Amino acid sequence: MPDADWEDFAFEGIGTQWEISTPVPLSGPVRARLAERVERFDAEWSRFRSDSRVSALARRPGSYEFADEAVRLGALYRTLYGMTDGAMTPLIGASLERLGYDAGYSLKPSGSPLAAPPWDAVLEWAGTTITTTAPVVLDIGAAGKGLLVDLLADELLAEGLDAFIIDASGDLLACGPLPTEVALEHPYNPAQAIGIVPLADRALCASASNRRAWGDGLHHMLDGTTGQPVRTAVATWALADTAMLADALATALFFVPGDQLQEEFDFSWLTVFSDGGAARSANFEGTLFT
């Protein structure tokens, strides 16, 4: 991780812990702008807040205007929706709620698994305008945290900072030429690492079925076509130029092979399967322990 003399700015946002490390302390006004950016993002995209724009979509169908980041977010989701045959979808929110991952974190299923509605039947996402024909529970968790990492990086770059590390509880973006070594957490033992990755001027994001898991085999990584938790992969890592892309592709690796995703996206990857096997791209920068 960063040099010992770097300064850390730690805070909570969108329900998770953040840490921004910089070679010089961030001023009070800069910290305030970062906090305000997180709040604006949460007020638009959180399905856990009754006052968010996403929650308004769940109550009443219609057309809603979102912030500029909706353009890239919608385009990426639409591409991955097609590449995964509907398994990865922003319409997975009601499926998560059915299994207990709801706004109140009840963690108690209210019924059998529920497939997400087909995109074209209920949703039109055109730039910053999202239009629905029925109440839907939008969930952008597969790419949203990475997107917010990128948005905060934009704020830091605008302040003239050319070296920093943003750690959003495992979604990492390192700006600057000097690499920082990142351990890859063992999917069955958080106290152990299965490898290490040197990270410089790129993003590294991970997804794992042991995170946000509850009940009897329930976790947040659902197949949109069935509403069932994925059982084949247990952990994935993706390295890309932006955190949004790395975050989204780490989720997509639960549904399709990395080689297939590389036909469309420039990234490297590692997938660990439930049978103990693993696969990785030829250009994966990390070293795995054997």
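These figures come from a predicted structure and were not determined experimentally.

Colleague: Mind showing me how you'd approach the pattern of salt bridges here?
Modeller: Two side chains that carry opposite charge are able to pair once their charged atoms sit near each other. Under the defined criterion, the tally for this structure stands at 11 salt bridges. In this structure, Asp-241 and Arg-202 form a salt bridge, with 3.7 Å as the shortest nitrogen-oxygen distance. Linking Asp-241 in the loop between β13 (233-240) and α7 (243-252) with Arg-202 in strand β10 (residues 202-208), this pair joins segments that are 39 residues apart in sequence. Between Glu-285 and Arg-202 there is a salt bridge, with its nearest N and O atoms 2.5 Å apart. One end of the pair, Glu-285, is in the loop between β15 (278-280) and β16 (287-288); the other, Arg-202, is in strand β10, with 83 residues separating them in the sequence. On the accessibility criterion, Arg-202 (17% relative accessible area) is buried. Through salt bridges with shared partners, one network takes in Glu-39, Asp-42, Arg-49 and Asp-51.

Colleague: Would you mind going over a negative patch on the surface with me for this structure?
Modeller: On the surface, Asp-5, Glu-7, Asp-8 and Glu-19 cluster together to form a negatively charged patch. Along the polypeptide, Asp-8 turns up in strand β1 (residues 7-13).

Colleague: Can you walk me through the sheet that holds strand β3 (residues 62-65) in this structure?
Modeller: Paired through backbone hydrogen bonds, the strands of a sheet run either parallel or antiparallel to each other. Strand order in the open sheet formed by three strands is β3-β5-β4, and the pairing between neighbours is antiparallel. Across the chains shown, the open sheet's two edge strands, defined by having one partner strand only, are β3 and β4 (123-126). On average, each strand axis in the sheet is inclined to that of its neighbour by 15°, with strand direction left out of account.

Colleague: I tried to follow the nonpolar core on my own but got confused; where do I start?
Modeller: In terms of nonpolar packing, the biggest core is built from 77 residues, with Trp-45, Leu-80 and Trp-125 touching the most fellow members. Looking at which element gives the most residues to this core, the answer is α7, with eight residues. Once residues within four sequence positions are removed from consideration, Trp-45 is found in contact with Val-54, Phe-66, Glu-69, Ala-70, Leu-73, Trp-125, Ile-130, Leu-138 and Ile-140. Core analysis: the next-biggest nonpolar cluster, separate from the first, contains 19 residues, Leu-172, Leu-199, Ala-208 and Ala-235 among them.

Colleague: Please clarify how the sheet that holds strand β9 (residues 189-199) should be interpreted in this entry.
Modeller: Spatial ordering of the open sheet is given by β8-β9-β16, a layout of three strands whose pairing is antiparallel. The sheet terminates laterally at β8 (180-186) and β16, the two strands that pair on one side only. The pairing of β9 with β16 spans two bridges and is classified as antiparallel. Looking across to β16, one finds that Gly-195 is bridged to Leu-288.

Colleague: Please clarify how the side chain of Lys-145 should be interpreted in this entry.
Modeller: Structurally, Lys-145 can be placed in helix α6 (residues 144-158). No salt bridge is formed by the buried Lys-145, whose closest oppositely charged neighbour, Asp-171, lies at an N-O distance of 4.0 Å. At a separation of 3.0 Å, a polar atom in the side chain of Lys-145 contacts the main-chain carbonyl oxygen of Ala-168. Discounting residues that sit within four places of it in the chain, Lys-145 has contacts with Ile-14, Thr-16, Trp-18, Ala-168, Ser-169, Asp-171 and Asp-247.

Colleague: I would appreciate a short explanation of the environment of Tyr-105 in the present structure.
Modeller: Here Tyr-105 is to be found in the loop between α4 (93-98) and α5 (119-122). Taking relative accessible area as the criterion, Tyr-105 reaches 44% and is therefore assigned partly exposed. Once the C-alpha coordinates of Tyr-105 and Phe-48 are considered, the two residues, 57 residues apart in sequence, prove to be 9.0 Å apart. Aside from chain neighbours lying at most four places away, what touches Tyr-105 is Phe-48 and Gly-100.

Colleague: Which parts of the structure should I look at to understand the packing of aromatic side chains?
Modeller: Two measures describe an aromatic ring pair: the distance that separates the ring centres and the angle between the ring planes. Evaluated as defined, the whole model comprises eight aromatic pairs. Look at Phe-11 and Trp-18: their rings are 5.9 Å apart centre to centre, the planes differ by 10°, and that puts the pair in the stacked class. Trp-18 matches Phe-11 in its accessibility class, with the two residues each being buried. Look at Trp-119 and Trp-125: their rings are 6.4 Å apart centre to centre, the planes differ by 25°, and that puts the pair in the stacked class.

Colleague: Could you clarify how one ought to interpret the side chain of Arg-37 in this entry?
Modeller: Among the secondary structure elements, Arg-37 is positioned in helix α1 (residues 28-45). Within the local environment of Arg-37, its side chain forms a polar contact with the side chain of Glu-69, the two groups lying 3.1 Å apart.

Colleague: For this particular structure, what's the right way to read the state of the cysteines?
Modeller: Summed over all chains, the structure comprises zero disulfides. Here Cys-175 stays free of any disulfide, with the sulfur of Cys-205 as its closest cysteine sulfur at 15 Å. On the basis of relative accessibility, which here comes to 0%, the residue Cys-205 falls in the buried class.

Colleague: Looking at this structure, how should I read the packing of helix α3 (residues 70-83) against α7?
Modeller: Two measures define how a pair of helices packs: the angle their axes make with one another and the distance between the axes. Between α3 and α7, the shortest axis-to-axis distance is 11 Å and the interhelical angle comes to 25°. Taken together, the axes of α3 and α7 are roughly parallel relative to one another. Pair α3 / α7 crosses with right-handed handedness. Contact with α3, carried on its side by Arg-72, Leu-73, Leu-76 and Leu-80, involves Met-244, Leu-245, Ala-248, Leu-249 and Ala-252 of α7 and no other residues of that element.

Thresholds applied
- For every chain, the first residue of the written sequence is number 1, and numbering continues from 1 along that sequence.
- Reporting in this predicted model follows two pLDDT cut-offs: at least 70 for local features of residues, and 80 or more for side-chain atom pairs to be given and counted; totals over whole chains, interfaces and linings ignore these cut-offs and use all residues.
- Where side-chain values are given, they derive from all heavy atoms of the structure, hydrogens and water being excluded.
- Salt bridge, as applied in this entry: a Lys or Arg side-chain nitrogen positioned within 4 Å of an Asp or Glu carboxyl oxygen.
- Numbering of helices and strands runs from the N terminus, with a helix taken as a DSSP run of H or I at least four residues long and a strand as a DSSP run of E at least two residues long.
- Exposure classes here rest on a 1.4 Å probe applied to the protein chains alone. A residue is buried below 20% of its type maximum, exposed above 50%, and partly exposed in between.
- The patches reported here contain residues having more than 30% relative accessible area and no salt bridge. Joining distances are 9 Å for like charges and 5 Å for nonpolar side chains (Val, Leu, Ile, Met, Phe, Trp, Tyr).
- Per-residue and other accessible areas were derived by the Shrake-Rupley procedure at a 1.4 Å probe size, with only the shown protein chains allowed to occlude residues.
- Counted as positive: Lys and Arg. Counted as negative: Asp and Glu, with His and the chain ends omitted from the count.
- Throughout, a charge is located at the NZ atom of Lys, the CZ atom of Arg, the CG atom of Asp or the CD atom of Glu.
- Pairing between two strands requires that DSSP report at least two bridges joining them.
- For helices, the fitted line uses only the C-alpha atoms of the stretch in contact; every axis is such a line through C-alpha atoms, and the angle between N-to-C directions lies from 0 to 180 degrees.
- Among buried residues, the Ala, Val, Leu, Ile, Met, Phe, Trp, Tyr and Cys ones that are joined through side-chain atoms within 4.5 Å form a nonpolar core.
- Residue contacts are defined here by distance: any two heavy atoms, one from each residue, within 4.5 Å place the two residues in contact.
- Here a polar contact means two N or O atoms within 3.5 Å. Within protein one must be a hydrogen donor candidate and the other an acceptor candidate, and residues neighboring in sequence count only if both atoms are side-chain atoms.
- Aromatic rings from Phe, Tyr and Trp, taking only the six-membered ring of Trp, are treated as a pair when their centres fall within 6.5 Å; an angle between ring planes under 30 degrees marks them as stacked, one over 60 as edge-to-face, and anything in between as tilted.
- Defined by distance alone, a disulfide is two cysteine sulfur atoms within 2.5 Å.
- Relative orientations are named as follows: roughly parallel for angles under 35 degrees, roughly antiparallel for angles over 145 degrees, roughly perpendicular for angles from 65 to 115 degrees, and oblique for any other angle.
- By the definition used in this description, the sense in which the near helix is turned from the far one sets the handedness, with an anticlockwise turn below a right angle giving left-handed and a clockwise turn giving right-handed.

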